[in-house]
There are 2 protein chains.
Amino acid sequence: MTGRSPSTPFDDRARPDVAVVGAGPIGLAIAWRCAARGLRVVVHDPAPGSGASAVAAGMLSPVAEAYFGERELTGLLLASAARWPAFADELTEASGAELGYRTEGTLIVGSTGDDLAEARRLWAYQQGLGLPVTPLRPTELRDREPALAPRVRGGALAPTDHQVDPRLLVPALRTAAQRAGAVPVPQAVRALSEVDARVTVVAAGCGAAALTGLPVRPVKGQILRLRAPGGATPGFRHVIRGYADGEQVYLVPRADGEVVLGATVEERSDTTVTAGAVLRLLRAGVDLLPELAEYDLVETVAGLRPGTPDNAPILGPIPGRPDVLAATGHHRHGIVLTPVTADLIADLVTSGVADPLLTPFHPGRFVAAGPESGNAAGPGTRGSAGRGAGPGAAEVGGPDRTTEEDRWS
Amino acid sequence: MTGRSPSTPFDDRARPDVAVVGAGPIGLAIAWRCAARGLRVVVHDPAPGSGASAVAAGMLSPVAEAYFGERELTGLLLASAARWPAFADELTEASGAELGYRTEGTLIVGSTGDDLAEARRLWAYQQGLGLPVTPLRPTELRDREPALAPRVRGGALAPTDHQVDPRLLVPALRTAAQRAGAVPVPQAVRALSEVDARVTVVAAGCGAAALTGLPVRPVKGQILRLRAPGGATPGFRHVIRGYADGEQVYLVPRADGEVVLGATVEERSDTTVTAGAVLRLLRAGVDLLPELAEYDLVETVAGLRPGTPDNAPILGPIPGRPDVLAATGHHRHGIVLTPVTADLIADLVTSGVADPLLTPFHPGRFVAAGPESGNAAGPGTRGSAGRGAGPGAAEVGGPDRTTEEDRWS
């Protein structure tokens with residue numbers, strides 16, 4: 001809030017401190033956190049919550065999603081998941097809305113010997129990182145979820161991998177953001193020049209590519225929503241992530257009877273639902289949990305995740321525009337990463353100092369070193385967040401950073 | 001038109017000759033045929049075309065659907081299918097609308113040895129009836145449809161089994177009926193006492209049970225609509241009826257790229273779409289025609305067919321009400337049976353004489369013989385249309401028929 005240049009009271013009052021582009025969970029949570037700190041915030045989006053979050057399952061799974069070669073990402077996922085309980089409490093308090101936040105934990109299961117071998121290799125890696133994943137004997141597995149198919153040969157419990165309902169999260173965040181003073185602007189932003197604010201935060205998911213030149217690409221996901229018959233609650237309580245004959249699916253049970261069954265990961269930018277994807281998802285889901293065959297199939301839908309070259313998000317000032325912060329590229333992790341993204345971006349806006357957690361995710365990692373560093377790289381650029389900090393990442397603000405005055409001008 | 005009782009000119013003009021209850025294909029075609037013969041016709045339906053026809057695939061398959069023990073039904077199916085070419089021409093002429101009528105014929109195929117054994121047993125029966133079904137060698141099958149899966153081991157051609165698009169048929173029939181003078185009444189009929197006409201035709205599908213007491217019950221069918229990607233036409237031309245690992249499905253290709261994939265036959269009265277049914281249909285469909293996996297899944301829907309105890313339609317005056325004609329219970333055959341039903345019911349209304357083709361399908365077959373013959377039987381009654389004419393069937397007008405004056409009073 002310091003260092004703003006003098007202007008007429010009218011202009012000063014009219015110009016927002018922060019303009020957020022994109023009212024998905026990331027953008028809305030940033031807006032909420034910034035507004036709650038006393039900043040004047042506007043949020044541009046003609047259709048809030050209509051992007052990837054409308055399709056997302058809402059798993060908060062840093063442990064089950066801790067994959068080989070993504071240690072920095074895993075660290076961020078864990079940091080964000082650790083914030084989720086308090087974030088959920090605060091948001092429920094601030095919005096008065098339910099989030100569908102559930103803490104029964106996640107079971108990871110496998111059908112064939114090959115499926116289990118693949119799962120066990122990953123559990124060993126996750127245990128090597130000190131993460132809480134506990135292999136279960138078949139009887140222990142069935143004690144926890146009697147509805148699992150007899151052919152499910154083994155599994156493990158990740159007790160700290162929770163879930164939230166993204167379709168409840170977004171309206172709760174809108175309410176909280178607006179109660180804190182953030183002002184919605186129901187218009188699309190086609191270019192950053194249309195936005196007038198001290199700081200612009202681009203939280204536009206796949207739309208960030210056109211606005212910033214950052215290498216964010218759509219990664220299609222198809223997902224199904226089922227419903228237990230007759231208004232019953234689903235016959236299982238845990239999130240179930242399964243390997244079934246080489247197909248990976250997840251099943252997320254909601255208290256209202258809904259079960260989310262997902263999801264494909266496709267390098268495509270259309271949102272059509274294909275017969276083959278629905279077949280694969282249903283086959284694997286019913287293989288793992290036979291009772292699903294009796295469930296109503298209430299929705300088949302596809303969405304586009306904002307992917308990046310290294311599968312990690314892009315968080316921080318973009319090259320050549322220190323007044324523009326990217327908060328995009330969350331790919332399959334947008335929901336779990338919402339609290340840490342919101343907190344750290346709000347910290348950065350307020351203090352001008354970047355938390356070290358952000359370092360590996362700096363937009364500068366996609367920029368070639370040298371005098372042309374102000375140009376964003378194309379989609380083909382290989383980044384490095386999964387293997388270490390990229391160029392310019394150590395110093396938040398990027399290569400073009402000069403002074404705070406400059407950055408927030 | 002003879003024998004009407006004297007009344008005031010005003011009343012006579014206001015009272016319709018025929019009130020049709022139900023504006024599905026059957027009711028609309030009857031209304032069209034009656035209006036075209038100069039009768040004053042009204043058609044009661046708050047939502048024309050919203051019943052079984054909205055879900056139906058539109059196969060005109062008397063040969064492939066000629067099953068053991070249903071000889072009278074097969075005769076009616078053949079008679080109606082023979083009328084379809086002229087009916088389609090007349091209707092296109094009368095309505096100016098396309099019907100999606102296609103004559104490429106039907107292929108019946110099987111995957112496993114068991115599937116083919118079952119199919120061959122039926123072909124032998126059909127050939128024994130003198131019906132045109134010709135087994136093909138695998139190379140002949142692939143010459144006709146190269147897109148069939150390699151695992152499809154054999155098949156047969158039913159060249160006279162055609163198709164029409166029910167979603168085009170209904171609007172065409174509405175136009176033709178209205179142009180001929182039939183008047184739509186967009187209100188539901190809850191009891192026959194609400195209808196005032198010389199003759200009432202109950203063509204209300206499953207709704208006929210409540211109106212007439214006839215043993216018509218809902219038989220649920222779930223069906224999928226796929227679409228070839230990118231606006232292409234489907235990669236096959238024939239209707240394909242397949243046996244795939246014990247699952248029976250059909251695939252109906254349309255010129256506009258749509259493929260109908262159906263259908264379940266379930267003794268249920270709900271219209272929910274279940275995960276298990278979608279899985280079974282997609283699995284069998286993709287097994288037979290692998291390219292379907294790349295198709296868009298654009299619709300999953302369930303409908304209720306009007307089933308009867310003997311799977312045959314109910315056509316003719318209902319017991320105790322010679323002025324009320326049933327035209328319902330068409331089960332899985334409503335579209336193919338539309339021309340013959342419309343012609344013969346219109347004949348009956350006009351001349352008072354029933355075509356012998358109607359004899360096995362008289363409503364009286366579900367009524368116990370004896371003095372209580374005026375009471376319609378309950379849904380548990382076993383009829384006999386599949387095994388010969390039932391009681392009262394020989395004499396159209398039923399046991400209560402006395403004189404024409406009486407019947408049309």
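This text goes with the structure placed above it.
Residues numbered from 1 in each chain as written. Chains lettered and ligands numbered in written order. Predicted model: local features only at pLDDT ≥ 70, side-chain atom pairs only at ≥ 80, totals over all residues. Heavy atoms only, no water.

What is the right way to look at the overall build of chain A in this model?
Scanning chain A for helices and strands turns up 10 helices and 16 strands. Burial analysis of chain A (409 residues in total) assigns 58% to the buried set. (Helix = DSSP H or I, 4+ residues; strand = E, 2+ residues; numbered from the N terminus. Buried < 20%, exposed > 50% of the residue type's maximum accessible area, 1.4 Å probe, protein only.)

Looking at this model, I keep getting lost on the sheet that holds strand β4 (residues 106-110) of chain B. Mind explaining?
Two pairing modes exist for strands in a sheet, parallel and antiparallel, and in both the strands are linked by backbone hydrogen bonds. Residue and element names in this part refer to chain B. If you trace the 8 strands from one edge of the open sheet to the other, you get β5-β6-β4-β11-β12-β13-β10-β14, paired in mixed fashion. Every interior strand has two partners, whereas the edge strands, β5 (134-136) and β14 (296-307), have only one. This sheet shows a mean twist of 25 degrees between the axes of neighbouring strands, independent of strand direction. Inspection of the sheet shows strand β10 (residues 217-227) paired to strand β13 (residues 258-262) by 5 bridges, in the antiparallel sense. Considered in β13, the bridge of Leu-224 is made with Leu-261. (Pairing = 2+ DSSP bridges. Axes fitted to C-alpha atoms, helices over the stretch in contact; angles between N-to-C directions.)

Can you walk me through the nonpolar core in this structure?
A general feature of soluble globular proteins is that nonpolar side chains tend to end up buried together. In terms of nonpolar packing, the biggest core is built from 68 residues, with Leu-226 and Leu-292 of chain A together with Leu-226 and Leu-292 of chain B touching the most fellow members. Look past the residues within four positions of Leu-226 of chain A in its chain and what remains in contact with it is Gly-257, Glu-258, Val-259, Leu-261, Leu-292, Tyr-295, Asp-296, Leu-297 and Val-298 of chain A together with Ala-275 of chain B. Counting residues in each nonpolar core, the second largest holds 54 residues, with Leu-99, Ala-177, Ile-335 and Ile-345 of chain A among its members. (Core = buried A, V, L, I, M, F, W, Y, C linked by side-chain atoms within 4.5 Å. Contact = heavy atoms within 4.5 Å.)

Help me understand the relation of the copies chain A and chain B, please; the structure alone is not making it clear to me.
Superposing the two chain copies requires a rotation about an axis and a translation along that axis. After a rotation of 180 degrees and a shift along the axis of 0.0 Å, chain A superposes on chain B with an RMSD of 0.0 Å. Such values leave the two copies arranged in the relation of a two-fold axis. Taking C-alpha positions as reference, the residue of chain A nearest the rotation axis is Leu-279 of chain A, located at 3.0 Å. When the interface residues of chain A are mapped onto chain B, 100% of them are again interface residues, pointing to one common binding face. (Least-squares fit on C-alpha atoms with pLDDT ≥ 70 in both.)

What am I meant to see in helix α4 (residues 113-128) of chain A here?
Each turn of an α-helix holds 3.6 residues, which means side chains three or four residues apart point in the same direction. All names here are of chain A. The terminal C-alpha atoms of α4 lie 22 Å apart, and with 16 residues this matches the ideal 22 Å at 1.5 Å per residue to within 8%. Listing the buried residues of α4 in full gives Asp-115, Leu-116, Ala-119, Leu-122, Trp-123, Tyr-125 and Gln-126. For α4, the secondary structure elements touched by its buried residues are α3 (71-95), β4 (106-110), β5 (134-136), β6 (154-158) and β11 (239-244). At the C-terminal side of α4, Gly-130 shows a positive phi close to 80 degrees. (Expected span 1.5 Å × (residues − 1).)

How do you make sense of the interface of chain A and chain B when you look at a structure like this?
The parts lose accessible area when they come together, and the size of an interface is often stated as this lost area. Taken together, the contact pairs 17 residues of chain A with 17 residues of chain B. Of all residues in chain A, the largest losses of buried area upon contact with chain B belong to Ala-275, Leu-279 and Leu-297 of chain A, amounting jointly to 36% of the total for that side. Linking chain A to chain B there are 6 residue pairs in polar contact (both at pLDDT 80 or more). Residue assignment for the side of chain A that touches chain B shows that the elements contributing at least two residues are α8 (275-288) and β14 (296-307) of chain A. When residues of the side of chain A that touches chain B are assigned to their parent elements, the largest contribution, 7 residues, is made by α8 of chain A. (Buried area = accessible area lost by both parts, 1.4 Å probe. Polar contact = N/O pair within 3.5 Å; in protein donor to acceptor, adjacent residues only side chain to side chain.)

Quick question: what am I supposed to make of the packing of aromatic side chains here?
How two aromatic rings sit relative to each other is set out by the distance from centre to centre and by the angle between their planes. Residue and element names in this part refer to chain A. Following the criterion strictly, the structure yields 8 aromatic pairs over all chains and no others. Taken together, the ring pairs connect Trp-32, Trp-84, Phe-87 and Tyr-101 into an aromatic cluster. The side chain of Arg-33 reaches across the aromatic face of Trp-32, ending 4.6 Å from its centre. (Phe/Tyr/Trp six-rings, centres within 6.5 Å; stacked < 30°, edge-to-face > 60°. Lys NZ or Arg CZ within 6 Å of the ring centre and 35° of its normal.)

Can you walk me through the environment of Pro-85 of chain A in this structure?
Residues and elements named next belong to chain A. Secondary-structure assignment places Pro-85 in helix α3. Judged by its relative accessible area of 37%, Pro-85 falls in the partly exposed class. Considering only alpha carbons, one finds Pro-85 and His-162, 77 residues apart in sequence, at a separation of 9.7 Å.

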